[in-house]
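Spelled out from the first residue to the last, the chains are:
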Amino acid sequence: MEPPENDAVGFDSAEKIILRWDSTVSEEAREKIFNGDRHEIDRYLQAVDEIQRSMESTTLSDDQDKANSAIQIAMARLEDEFRNILIAHTSAIEAESLTDPSPSSVNSGEFNLPEEDYHDTPTSTDDDSLTKELDHQESSTSSYRSTNSIREVDLMPSEAIYDLRCIAERMISAGYLRECIQVYCSVRKSVVDSSFRKLGIEKLSIGDIQRLDWETLETKIRRWIRAAKVCVRILFASEKKLCEQIFDGLGTATDDACFMETIKGPAIQLFNFAEAISISRRSPEKLFKILDLHDALSDLLPDIEIVFESKSSESIRVQAVEILSRLGEAARGILSEFENAVLREPSKVPVPGGTIHPLTRYVMNYISLISDYKQTMGELIVSQPSTGSRYSSDPNTPDMDFGDLEGQTPLALHLIWIIFILQFNLEGKAKHYRDNSLAHLFMMNNVHYIVQKIKGSPELGEMIADNYVRKLTGKFRIAATSYQRATWVRVLHCLRDEGLHVSGSFSSGVSKSALRERFKSFNALFEEVHRTQSTWLIPDTQLREELRISISEKLIPAYRSFLGRFRSHIESGRHPENYIKYTVEDLENAVLDFFEGYAVSQHLRRRSQ
């Protein structure tokens with residue numbers, strides 16, 4: 001448009017252009033201005049500018065009324081054009097743009113649960129590329145703690161952004177700020193909602209989340225962690241960039257107002273999930289997913305500080321910090337409650353065969369997984385256990401002096417304390433065995449398992465000092481020695497010389513009747529031990545073999561010597577087979593039956609038939 005020669009001519013020309021595009025009076029005017037020729041777009045914007053200038057200079061009421069009418073028609077048209085441009089570019093972000101660019105991920109340790117299928121988003125199909133992109137993110141295992149991961153993507157082409165800014169500038173200067181923001185936010189909210197659905201973020205209240213079963217929540221937590229990274233680092237950051245491109249400098253914090261109006265609801269919806277988990281009922285199986293959430297939110301916090309840096313978005317920043325704090329408190333609380341649960345675990349039924357108790361496996365697997373999170377847990381656990389660090393008069397609570405564990409981190413002290421109270425509980429369970437030998441075997445099996453779990457985990461082995469591991473090793477060796485004494489002293493006592501000689505010459509003074517009784521006693525005792533202890537179980541192959549060797553080293557030489565000295569006295573009498581039932585080789589083979597957990601003995605059963 002050429003510059004007007006005077007206000008009257010300029011105003012009239014501008015008014016005609018405005019009225020020509022009044023869609024309420026002309027079918028032709030319903031076409032989209034901003035879909036057409038660039039020259040026509042510029043003429044319309046110049047006309048709006050001319051009307052606004054005229055309104056500022058006009059003093060007569062008639063002219064003022066005409067200008068007001070024209071500007072109202074123009075604003076209605078620009079509002080409609082503004083909406084149309086926004087809607088024309090409401091397609092959700094492409095899948096590759098919704099992929100977290102950072103190398104961060106959370107620990108993926110699971111506790112007694114198989115890996116679950118992630119392809120469960122209710123709004124996705126099996127061939128949905130977005131789902132595949134999300135699942136692909138889980139292959140990363142490194143840690144990330146910087147803001148380099150924010151990746152703003154272009155949500156609209158530059159031509160559309162230019163047109164939107166041109167419209168917004170004129171609507172705001174004409175006093176239509178509220179209408180402009182309302183149109184913008186209503187359209188962009190729908191885009192954000194669409195992206196949320198693609199990311200699998202459901203609209204659930206805190207109450208809804210807390211009513212879900214834990215297995216369902218585990219899957220949702222995994223999906224939330226991946227989705228939260230994308231939302232903060234890409235989706236919200238890109239929405240903020242778009243607001244700045246369109247509204248920056250057009251009013252006091254207009255861009256920030258549009259940004260917050262667009263994403264506040266979705267952001268609250270996003271963080272409400274983590275908040276619900278942080279205040280939910282505590283139980284041991286939740287610890288590792290809570291730590292995953294804590295790690296993810298901790299990694300995201302610097303990015304949240306940047307994306308939500310304005311005063312108006314302070315509530316989002318505060319909410320994130322408070323959730324992180326509550327997740328940390330929940331983790332500490334769960335560890336404390338777990339310690340108490342290990343101490344008070346009430347089962348009294350002895351495990352068959354003296355094998356490893358399910359509690360031992362559970363606790364040591366749990367501790368091993370805690371060690372996988374040693375960095376996070378080490379930051380959260382800053383004091384040693386309050387229980388057990390001082391002597392107590394409660395007979396149901398063990399005493400432990402932490403003075404011998406100087407140099408251990410607070411987290412390591414907690415893990416050692418759990419092992420200590422596990423042993424205390426196991427000692428109580430051992431008392432429920434009627435057979436002392438089996439009680440000692442039970443303690444040997446379980447303490448040996450504890451030692452092997454510590455040695456088998458590099459993280460756990462690094463945390464727990466060697467001197468404590470040596471102390472544990474000494475405990476299971478003492479239990480093995482106690483087992484041998486309780487079992488084999490009576491058996492070996494039958495192979496002594498004392499009581500077999502009568503007064504007179506040593507070489508000819510053997511009481512055959514006493515000797516027969518001695519062989520009968522040995523046979524009966526060994527058969528009973530063999531019958532019962534073949535059904536006992538030592539799961540660890542090496543430990544089982546070591547104990548068998550130790551038994552053989554005591555039993556076989558003693559039996560061979562006894563047999564060599566006194567066989568002739570039995571064989572010279574009647575029915576020697578009733579007394580000398582087994583050869584040395586029979587006993588050697590019989591020892592191989594021990595601790596296999598067989599329901600029926602093997603070698604001696606065949607010989608005694």
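Residues numbered from 1 in each chain as written. Predicted model: local features only at pLDDT ≥ 70, side-chain atom pairs only at ≥ 80, totals over all residues. Heavy atoms only, no water.

Turning next to the packing of aromatic side chains. Summed over all chains, the structure comprises 22 aromatic pairs. Feature note: the residues Tyr483, Trp488, Phe522, Phe526, Tyr559, Phe594 and Phe595 constitute an aromatic cluster, connected by ring pairs. Above the face of the Tyr579 ring, Arg516 is positioned so that its terminal group lies 5.9 Å from the ring centre. (Phe/Tyr/Trp six-rings, centres within 6.5 Å; stacked < 30°, edge-to-face > 60°. Lys NZ or Arg CZ within 6 Å of the ring centre and 35° of its normal.)

Compared with an ideal rise of 1.5 Å per residue, which puts 21 residues at 30 Å, helix H14 (residues 410-430) spans 30 Å between its outermost C-alpha atoms and is within 8% of the ideal. Burial runs high along H14: 16 of the 21 residues are buried. (Helix = DSSP H or I, 4+ residues; strand = E, 2+ residues; numbered from the N terminus. Expected span 1.5 Å × (residues − 1). Buried < 20%, exposed > 50% of the residue type's maximum accessible area, 1.4 Å probe, protein only.)

In this section: the pattern of salt bridges. Inspection of the entire model under this criterion finds 33 salt bridges. Taking the shortest distance from any N to any O, the salt bridge between Arg233 and Asp303 comes out at 2.9 Å. Taken together, the residues span a long stretch of sequence, with Arg233 in helix H8 (residues 214-247) and Asp303 in helix H10 (residues 287-307) at a distance of 70 residues. A relative accessible area of 0% means that Asp303 is categorised as buried. Residues participating in the shared-partner salt-bridge network are Arg544, Glu545, Arg548 and Glu596. (Salt bridge = Lys/Arg side-chain N within 4 Å of Asp/Glu carboxyl O.)

One finds Phe82, Tyr184, Phe236 and Phe308 to be the most contacted residues of the largest nonpolar core, which totals 181 residues. With 18 residues, the top contributor of residues to this core is H8. Setting aside its immediate chain neighbours within four residues, Phe82 contacts Leu164, Ile167, Ala168, Cys180, Val183, Tyr184 and Phe247. (Core = buried A, V, L, I, M, F, W, Y, C linked by side-chain atoms within 4.5 Å. Contact = heavy atoms within 4.5 Å.)

The topology assignment puts Gln533 in helix H18 (residues 512-533). On the accessibility criterion, Gln533 (3% relative accessible area) is buried. Side-chain polar atoms of Gln533 contact the side chain of Tyr483, separated by 2.3 Å. Excluding its chain neighbours within four sequence positions, the residues that come into contact with Gln533 are Ser437, Tyr483, Thr487, Phe594 and Phe595. (Polar contact = N/O pair within 3.5 Å; in protein donor to acceptor, adjacent residues only side chain to side chain.)

This paragraph deals with unusual backbone geometry. The bulk of non-glycine residues show a negative phi, and the bulk of peptide bonds are trans. Phi is positive for His575, close to 45 degrees, though the residue is something other than glycine. For His575, the location among the structural elements is in the loop between helix H19 (541-571) and helix H20 (584-591). With phi around 65 degrees, Phe595 is a residue other than glycine that occupies positive phi space. Along the chain, the position of Phe595 falls in the loop between H20 and helix H21 (603-608).

A few words on helix H9 (residues 254-278). Taking 1.5 Å of rise per residue, 25 residues should cover 36 Å, and H9 covers 34 Å from first to last C-alpha, within 8% of that figure. Helix geometry: H9 is bent most strongly at Ile263, by close to 45 degrees, with proline Pro266 lying one to four residues after it. (Bend = angle between axes of the 7 residues up to and from the residue.)

We now examine the packing of H18 against H19. Contact geometry for H18 and H19: axes closest at 11 Å, N-to-C directions at 145 degrees. Considering only the axes of H18 and H19, their crossing is left-handed. Here H18 contributes Lys512, Leu515, Arg516, Arg518, Phe519, Phe522 and Phe526 to the contact with H19, which in turn contributes Leu555, Tyr559, Phe562, Leu563, Phe566, His569 and Ile570. A class-by-class count of the residues in the contact of H18 with H19 yields 10 nonpolar, 1 polar and 3 charged. (Axes fitted to C-alpha atoms, helices over the stretch in contact; angles between N-to-C directions. Left-handed = near helix turned anticlockwise from the far one by under 90°. Nonpolar A, V, L, I, M, F, W, Y, C, P; charged D, E, K, R; others polar.)

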